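# Residue-level structure breakdown
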Amino acid sequence: DAGITQSPRHKVTETGTPVTLRCHQTENHRYMYWYRQDPGHGLRLIHYSYGVKDTDKGEVSDGYSVSRSKTEDFLLTLESATSSQTSVYFCAISPWGRETQYFGPGTRLLVL
Amino acid sequence: AQTVTQSQPEMSVQEAETVTLSCTYDTSESDYYLFWYKQPPSRQMILVIRQEAYKQQNATENRFSVNFQKAAKSFSLKISDSQLGDAAMYFCAYTVDVIQGAQKLVFGQGTRLTINP
C-alpha cells in the first residue's frame, strides 16, 4: 500500500471556524489531490498539486484553499467552515500524471 | 460533459456466483484510463482494476475482469466466484487531463454490492 496518512481522521467543528486537513506521503510522489465524497455524488476533485508550491483548482474548490510547501505534505484549508462542507475528504497521490491514484484513509468532517 | 453513470445503485449476488456491475461514461478524449475502485465499510478506497483506453485487450486481475467497449463508452466489471469479502461500494472512474501532467478522476455514484452467503 502507498504510504499515505491523513490527519485528523475525524473532526467536529462549528460553522465559521477555520479547519486544516493534512495529507502526508512517504512515497515522494509528484502529484497530490484532494477529493470530497458526498452521498449521491461519488468523489469530486477539490484541488490538486503538480509539484511543490504548484497547485490548481478542481471542480468544487469554492471555500477551500491548499498549500504544498514540501513534497510530502499537502494541506487543505477551510477558511470558514460551513455545514455544506460536512463530508469525507480523501487525499490521493500518484508518481506521474498517467498513473493510478492511490488514496489515503479519509477524514470525516462534521460542521455543526 | 464529464460524467460517469452507474445505473445499478445496489446489487446482490450469492456467494461463489458471478456478478457484473455496469458503467458508462462520457468523454471527448481518445486517450484516458478507466478504473474500478472498491470501498468497503472501512471507507478505504482500494484499486480493483485499471484499463488503458488505447488497449483493446480487456484487463483482468484474478477474479476481476472488465468488458471495455470504447465506442460505446462502456466499462463493466465482472466478479467471478464472489466472496464475502467482495461486499463493498464499487466506483467506476476515468481520467481527465488537467495541467502539467496531472489528471483528475471523474467518478460515478457507486454501486453497493451485497454478497449473500
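You'll find the structure just up there.
This is a predicted model, so every value here is computed, not measured.

Thresholds applied
- Residues numbered from 1 in each chain as written.
- Chains lettered and ligands numbered in written order.
- Predicted model: local features only at pLDDT ≥ 70, side-chain atom pairs only at ≥ 80, totals over all residues.
- Heavy atoms only, no water.
- Core = buried A, V, L, I, M, F, W, Y, C linked by side-chain atoms within 4.5 Å.
- Buried < 20%, exposed > 50% of the residue type's maximum accessible area, 1.4 Å probe, protein only.
- Helix = DSSP H or I, 4+ residues; strand = E, 2+ residues; numbered from the N terminus.
- Contact = heavy atoms within 4.5 Å.
- Pairing = 2+ DSSP bridges.
- Disulfide = S-S within 2.5 Å.

A few words now on the nonpolar core. Buried together is how nonpolar side chains tend to be arranged in soluble globular proteins. Residue and element names in this part refer to chain B. In terms of nonpolar packing, the biggest core is built from 27 residues, with Y25, W36, F75, L77 and Y90 touching the most fellow members. Listing elements by their share of this core, those giving two or more residues are β3 (19-21), β5 (33-39), β6 (46-52), β8 (64-69), β9 (74-79), β10 (88-97) and β12 (111-116). If you tally residues by element for this core, the top one is β10, at five residues. Leave out the neighbours within four places in its chain, and L77 touches V19, T20, L21, W36, V48, I49, F64, S65, V66 and Y90.

Before going further, it helps to spend a moment on the pairing of β12 of chain B. All names here are of chain B. Alternating residues of β12 divide into T111, L113 and I115, all buried, and R112, T114 and N116, none buried. Relative to β12, strand β2 (residues 10-14) runs parallel, the two being bridged by five bridges. Directly across from Q14, in β12, lies its bridge partner N116. Where β10 lies against β12, three bridges are found, and the strand directions are antiparallel. The residue bridging A88 from the neighbouring strand is L113, located in β12.

Attention now moves to the state of the cysteines. Scanning the model with the defined rule gives two disulfides over all chains in all. One disulfide in the model links C23 of chain A with C91 of chain A; its S-S distance is 1.9 Å. Because the sign of the S-S torsion sets the handedness, a value of about -70° for the bond joining C23 of chain A and C91 of chain A places this disulfide among the left-handed ones. Here C91 of chain A lies in strand β9 (residues 87-94) and C23 of chain A lies in strand β3 (residues 19-25), a separation of 68 residues in the sequence. The partner cysteine of C23 of chain B in its disulfide is C92 of chain B, sulfur to sulfur 2.0 Å. Disulfide C23 of chain B-C92 of chain B: torsion about the S-S bond near -65°, hence left-handed. Residue C23 of chain B is located in the loop between β3 and β4 (24-26), and its partner C92 of chain B is located in strand β10; the two are separated by 69 residues in the primary sequence. Per residue, the accessibility class of C23 of chain B equals that of C92 of chain B, and both read buried.

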